[in-house]
Amino acid sequence: METFRTAGINAKAEPRMDAWLRTHAAFEVPLGQAVHAAGGPVALADDPDAVRGMLHLMRQNLAATDTPPVPRAFAALRALPQGLLVAVLRRFLKSQTAVHSGLNDPSPATAAELERLTEQLRGRQPQTS
């Protein structure tokens, strides 16, 4: 923490880092894959069905984790109505934040990383028969 703060980076220790990483992956992997498949964040925002599918995967991933989401605000993805979340996600995908972020990276390396994270997430989920 001291090194980050010395470098001018406002950092805060996260005592539940494993849960934070799981929560981040549960959200980021479906988001990144849906953006990649659609051809960018704005293209995804223009396809409400794809956004609903992405949200379904996020909810499925969060439900499969054995710890509560960190930060707790991500619990809203499981609790709030689908219609509201789809509208919020579509607005985010059209925002300058999304358009100018790593979401717009169509590189093969990004796609490969998302696929590897998907495999890791599936390894944590209960198997259905």
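Below is a short write-up of the structure. (Residues numbered from 1 in each chain as written. Predicted model: local features only at pLDDT ≥ 70, side-chain atom pairs only at ≥ 80, totals over all residues. Heavy atoms only, no water.)

1. Considering a nonpolar patch on the surface
Rule in force here: Two joining distances apply to patches: 9 Å for like charges and 5 Å for nonpolar side chains (Val, Leu, Ile, Met, Phe, Trp, Tyr), and every residue must have over 30% relative accessible area and no salt bridge. Computed with the Shrake-Rupley method and a 1.4 Å probe, the accessible areas treat only the protein chains shown as cover for residues. The working definition used for a salt bridge is a side-chain nitrogen of Lys or Arg within 4 Å of a carboxyl oxygen of Asp or Glu. Secondary structure elements follow DSSP: runs of H or I no shorter than four residues count as helices, runs of E no shorter than two count as strands, and numbering proceeds from the N terminus. When accessible area is computed with a 1.4 Å probe and restricted to protein chains, residues below 20% of their type maximum are described as buried, those above 50% as exposed, and intermediate ones as partly exposed.
On the surface, Met17, Trp20 and Leu21 cluster together to form a nonpolar patch covering roughly 270 Å² of accessible area. Mapping Trp20 onto the fold places it in helix H2 (residues 17–38). Classification of Trp20 as partly exposed rests on a relative accessible area of 30%.

2. Topic: the nonpolar core
Stated formally: In these notes, a set of buried Ala, Val, Leu, Ile, Met, Phe, Trp, Tyr and Cys residues joined through side-chain atoms within 4.5 Å is what counts as a nonpolar core.
In terms of nonpolar packing, the biggest core is built from 19 residues, with Leu31, Leu44, Val51, Met54, Leu77 and Leu93 touching the most fellow members. Sorting the residues of this core by element identifies H2, helix H3 (41–45), helix H4 (48–64) and helix H6 (82–94) as the ones contributing at least two each.

3. Some details on the environment of Pro48
Rule in force here: In what follows, residue pairs with any heavy atoms lying within 4.5 Å of each other are defined as contacts.
Along the chain, the position of Pro48 falls in helix H4. Owing to a relative accessible area of 25%, Pro48 belongs among the partly exposed residues under this scheme. Once the C-alpha coordinates of Pro48 and Leu89 are considered, the two residues, 41 residues apart in sequence, prove to be 9.6 Å apart. Not counting residues within four places of it along the chain, the set of residues in contact with Pro48 comprises Val86 and Arg90.

4. Here's the deal with the side chain of Thr23
Filter applied, for reference: Residues adjacent in sequence count toward polar contacts only when both atoms are side-chain atoms; beyond that, a polar contact is any pair of N or O atoms within 3.5 Å, and within protein one must be able to donate a hydrogen and the other to accept it.
In this fold, Thr23 is placed in helix H2. A polar contact is formed between the side chain of Thr23 and the backbone nitrogen of Val70, at a distance of 3.0 Å. Ignoring any residue separated from it by four or fewer positions in sequence, one finds Thr23 in contact with Leu62, Pro68, Pro69, Val70 and Phe74.

5. Considering the packing of H2 against H4
Counted only if it meets this: In this analysis an axis means a line fitted to C-alpha atoms, helices contributing only their contacting stretch, and an angle means the value between N-to-C directions, from 0 to 180 degrees. Here the angle decides the label: under 35 degrees means roughly parallel, over 145 means roughly antiparallel, 65 to 115 means roughly perpendicular, and every other value means oblique. Left-handed is the label given to a crossing in which the near helix is rotated counterclockwise from the far helix by less than a right angle, and right-handed is the label when the rotation is clockwise. Here the nonpolar group is Ala, Val, Leu, Ile, Met, Phe, Trp, Tyr, Cys and Pro; Asp, Glu, Lys and Arg are the charged ones; every other residue, Gly included, is treated as polar.
Between H2 and H4, the shortest axis-to-axis distance is 9 Å and the interhelical angle comes to 160°. The angle between H2 and H4 places the two elements in the roughly antiparallel class. In this structure, H2 crosses over H4, and the sense of that crossing is right-handed. Within the contact between the two elements, H2 uses Thr23, Ala26, Phe27, Pro30, Leu31 and Ala34 and H4 uses Met54, Leu57, Met58, Asn61 and Leu62. For the contact of H2 with H4, a count of residues per class yields nine nonpolar, two polar and no charged.

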